[in-house]
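Residue-level structural notes
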Amino acid sequence: MEEPREESEPLLSRARGGSGRPAGSAGSRGVRVGPEKLLNPEEGERVESSGLWRTPGGWEGPQPHLAEKETEAWPGEYPGSVQGAASRQDLCFDQAAVFIEDAIQYRSINHRMDARSMWLYRLYYSNTCQWTLSLTIFLILLLAFIETPSSLTSTADVRFRSAPWDPPCGLTESVEALCLLVFVADVSVKSYLVGWAQFRKNPWLLAYLAVLVVSLADWIVSLSLVCQEPLRIRRLFRPFFLMQNSSMMKKTLKCIRSSLPEMASVVLLLALHLCVFTMLGMLLFTGEKQDDGQDRERLTYFRNLPEALTSLLVLLTTANNPDVMTPAYSKNRAYAIFFIVFTLIGSLFLMNLLTAIIYNQFRGYLMKSFQTSLFRRRLGARAAYEVLSSMSTRGEAHPRGVGVDPQDFLQVLQRVQLDSHQKLVIMEKVRSYGGDLLSAEEFQKLFNEFDKRVIKERPPRPEYRSPFLRSAQFLFSHRYFDYLGNLIALGNLVSISVFLVFDADVLPGDRDDFVLGILNCVFILYYVLELLLKAFALGLRGYLSYSSNVFDGLLTVVLLEARDAGPAVAVGHGPAGEHVHRVPVPAHHPQHEGRDTSLEGRGAGRAGDLGPAPTWHRADGLGGQYHPGPDQKHAGLRRDPGVCLC
């Protein structure tokens, strides 16, 4: 992470045609942002201007003695012309818009600010370019699942796994070449925008360039060997593209790097702790007899130094506890003291100390990162303020004062890539100041509105004239009605769990789901009733404005259309594997006549409890009558595959 002081020193113009000297040297006392180039009286050279001066004492406004110097005309412009004034104003508006976007996104303002560079800068950070870059990173990482050797198969079992698809030579290489070209364009644009001076100081950009050079060289070698090379080095560098494009991963790596010195002391204590207890274990577990518990412990976990060290290293994570001490513990309980002391010191003290150090470092780095982000926002806002305030006083014989004209800021705000809701909020805030110039403090306060979350207003509820309907609307829109729905859903889950526990030893096709089907029908009917009542109370638009209601409504529709998808919604199954919506009926229903309902097919355990199997007799040609056998008892309930529920 760049230090705030280092980030603000060059500010804008070293890469914009200026001298490029570091801050504090002769001829680099300040940087101006603006359309004109001003003459530096000390060095006698021209530097690009900016309207914003950074001095050792802090921020200052436009320098009077430099502002009076002769200005250089732009191409196609004469000093004082109307066209030149319009061009200067347009450039200042673009500069202010870029500064505001940098402040909103917490980006550094240390980049080129000429008209062409600003167009390229805004194009690079547009949603289209950023999504293209993210898609390219996704594609180059996805190649690992397709390239040889690939393990992308339908099953992970080596006994049944089919041979993976072997892409022809040149297919994956073509996709990879396209991705590498996108990365080359990315690093070229970044290096141009920040300038050569900043490019040399940025280790991530230098590493980016080095990785691309190695990857392209290895890609050329692969094609020259017709994809038969034994090693592809560029595959090792592919995760770097993801890290380089993610600011969060960069911060994480920097935090880990800063945490290494403090972590090293604790890691050294852990290594010493492991070595000491490894030697003690090898000396302690030396059995005298072949069947001795000590000897089994030695042969299993302390055979030699590497195995003993590995066993205790795994014990630090408690993954092999208590297996590692079982052989010795079976002979004498006192051997457990060795493993208990090792666990107390290593797992409960040193490991927790290491975790505390890492947490403390990450928390401190998080605060530092937050401060840097806040500084970037204030720096970008201040730069935009100085650009716009210099426009307010330029060309006026008697300026009203130092500040930003609200109308100028509103025009700049129209060019900023910003959410429409936030833009409307900022515009209303600016209009509330009237025609007065915005001071630096008021201008900074406007950026606090970007951190406020926009809360959408719910659609108005329908109005009913009847007192009864108004009371019902109040009742069904109350939060306690939601609590009742959650309680009913919990009861549905409990009922399903109870039936699954009772029928755990029964095959799914042999289960008696009559009671469960009735309960599911009741619950589904309640869900439909709840949906309708909420839509009545809130209105259709009001009901859909809540994401929880949308989820509940979709789930209710799924339950209605797929009640036979699982135990929670299954009511019946039709013949020949066809799933239909059926109503559960007792097993002695006439539709079960002629079917085999003997208890032998439902498990021998239940047959002994329910008595002899029932027999069914069909009436001649009637099909709707049945006569139970003489020895028949109540055979329980079962699903009916023929009657529709609703």
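**Some thoughts on the overall build of the protein chain**
Each helix and strand in the protein chain was counted, giving 22 helices and eight strands. The buried share among the 646 residues of the protein chain stands at 38%. In the protein chain, once contacts between residues fewer than 6 apart in sequence are set aside, the share between residues at least 24 apart is 65%. In the form shown here, the protein chain has an accessible surface area of approximately 37700 Å², with 62% of it arising from carbon and sulfur atoms.

**Section: the state of the cysteines**
Taken as a whole and judged by the stated rule, the model has one disulfide. Disulfide pairing is shown between Cys169 and Cys227; the S-S distance is 2.0 Å. Between Cys169 and Cys227, the S-S dihedral sits near 70 degrees, and the bridge is therefore right-handed. Of this pair, Cys169 sits in the loop between helix H5 (127-142) and helix H6 (171-201) while Cys227 sits in the loop between helix H7 (203-224) and helix H8 (238-245); the two residues are 58 residues apart in sequence, bridging distant segments of the chain. For Cys169, a relative accessible area of 44% gives the class partly exposed. The class for Cys227 is buried, based on a relative accessible area of 16%.

**Describing unusual backbone geometry**
Omega for the peptide link from Asn321 to Pro322 comes to 5 degrees, which places this bond in the cis form. Tracing the chain through its elements places Pro322 in the loop between helix H11 (305-316) and helix H12 (326-331). The phi dihedral of Val226 falls on the positive side, at around 55 degrees, and the residue is not glycine. Along the chain, Val226 turns up in the loop between H7 and H8. When its relative accessible area of 52% is taken as the criterion, Val226 is described as exposed. Phi is positive for Cys227, which is not a glycine, with a value near 60 degrees.

**Some words on the pattern of salt bridges**
Across all of its chains, the model carries 17 salt bridges by this definition. A salt bridge links Lys534 to Asp482; its shortest N-O distance comes to 2.7 Å. On the criterion of sequence distance, the pair formed by Lys534 in helix H19 (residues 514-538) and Asp482 in helix H18 (residues 479-502) is long-range, its members being 52 residues apart. Taking the relative accessible area as the measure of exposure, Asp482 reaches 31% and is therefore partly exposed. Because the salt bridges share partners, they merge into one network encompassing Glu147, Glu176, Asp218, Arg234, Arg235 and Arg238.

**As for the layout of surface pockets**
Of the voids in this model, the second largest pocket is the one considered here, and its volume is about 590 Å³. If you trace the second largest pocket, you find 30 residues lining it, with Gly485, Asn486, Glu530, Lys534 and Asp552 closest to the centre. Those elements that place two or more of their residues in the lining of the second largest pocket are H18, H19 and helix H21 (547-561). The element that contributes the greatest number of residues to the lining of the second largest pocket is H19, accounting for eight residues. A class-by-class count of the residues in the lining of the second largest pocket yields 16 nonpolar, nine polar and five charged.

**Observations concerning the packing of aromatic side chains**
Applying the stated rule across the entire model yields 23 aromatic pairs. Considering the side-chain rings of Phe240 and Phe241, the 6.5 Å spacing of their centres and the 70 degrees angle between planes classify their relative orientation as edge-to-face. The exposure classification of Phe240 matches that of Phe241, with both residues buried. Judged by centre distance (5.3 Å) and plane angle (65 degrees), the rings of Phe277 and Phe342 are edge-to-face.

**What to know about helix H17 (residues 467-476)**
Quick reminder: α-helices carry 3.6 residues per turn. Residues three or four places apart thus point the same way. Residues of H17 that are buried: Ala472, Gln473 and Phe476. Projected down its long axis, H17 shows its buried positions confined to an angular sector of 100 degrees, all on one face. Structural note: H17 exposes Pro467, Phe474 and Leu475 on the side pointing more than 90 degrees away from its buried face. Elements in contact with the buried residues of H17: H18 and H19.

**Quick word on the confidence of the model for the protein chain**
The predicted model of the protein chain averages 75 in pLDDT, with 71% of residues at 70 or higher. Ranking the elements of the protein chain by mean pLDDT puts helix H2 (residues 64-67) last, at 32, and H5 first, at 94. Segment residues 1-79: pLDDT under 50, and 162 contacts once partners within four positions in sequence are set aside and those in other chains are kept. The low-confidence segment residues 565-646 (pLDDT under 50) makes 140 contacts with residues lying over four places distant or belonging to another chain.

**Some remarks on a nonpolar patch on the surface**
Among the surface-exposed residues, Leu484, Leu487, Leu490, Leu493, Val494, Val498, Val501 and Phe502 lie close enough to one another that they form a single nonpolar patch of about 770 Å² accessible area. Tracing the backbone through its elements, the reader meets Leu484 in helix H18. Assessed through its relative accessible area of 38%, Leu484 is described here as partly exposed.

**Brief notes about H18**
With 24 residues, H18 extends 35 Å between its outermost C-alpha atoms, agreeing within 8% with the 34 Å of an ideal straight helix rising 1.5 Å per residue. Looking at H18, one finds that the buried residues are Phe481, Gly485, Asn492, Ser495 and Ile496. Of the surrounding elements, those touching the buried residues of H18 are H17 and H19.

**Regarding the environment of Ser215**
Inspection of the secondary structure puts Ser215 in helix H7. Assessed through its relative accessible area of 1%, Ser215 is described here as buried. As for Ser215 and Leu236, which are separated by 21 residues in sequence, their C-alpha atoms are 9.5 Å apart. In this view, Ser215 contacts Leu180, Arg234 and Phe241; residues no more than four positions away in its chain are not counted.

**Re the packing of H5 against H6**
To characterise two packed helices, one gives the angle between the axes of the helices and the distance between these axes. It is the contact of H5 with H6, at a shortest axis distance of 10 Å, that shows an interaxial angle of 140 degrees. Our classification of the angle between H5 and H6 gives oblique. Both H5 and H6 take part in a crossing whose hand is left-handed. Residue-level inspection shows Leu133, Thr136, Ile137, Leu139 and Ile140 of H5 in contact with H6, the latter providing Glu176, Cys179, Leu180, Val182, Phe183 and Asp186. Here the residues of the contact of H5 with H6 are counted per class, giving eight nonpolar, one polar and two charged.

Analysis parameters
Residues numbered from 1 in each chain as written. Predicted model: local features only at pLDDT ≥ 70, side-chain atom pairs only at ≥ 80, totals over all residues. Heavy atoms only, no water. Helix = DSSP H or I, 4+ residues; strand = E, 2+ residues; numbered from the N terminus. Buried < 20%, exposed > 50% of the residue type's maximum accessible area, 1.4 Å probe, protein only. Contact = heavy atoms within 4.5 Å. Areas by Shrake-Rupley, 256 points an atom, 1.4 Å probe, with all protein chains shown as cover. Disulfide = S-S within 2.5 Å. Salt bridge = Lys/Arg side-chain N within 4 Å of Asp/Glu carboxyl O. 1 Å grid on protein atoms, 1.4 Å probe; cavity = no way out; pocket = protein on both sides within 12 Å on 5 of 7 lines; lining within 4 Å. Points joined across faces, edges and corners; volume = space filled by probe spheres on them. Nonpolar A, V, L, I, M, F, W, Y, C, P; charged D, E, K, R; others polar. Phe/Tyr/Trp six-rings, centres within 6.5 Å; stacked < 30°, edge-to-face > 60°. Arc of directions from axis to C-beta. pLDDT = per-residue confidence, 0-100. Patch = residues over 30% accessible without salt bridge, like charges linked within 9 Å, V, L, I, M, F, W, Y side chains within 5 Å. Expected span 1.5 Å × (residues − 1). Axes fitted to C-alpha atoms, helices over the stretch in contact; angles between N-to-C directions. Parallel < 35°, antiparallel > 145°, perpendicular 65-115°, else oblique. Left-handed = near helix turned anticlockwise from the far one by under 90°.

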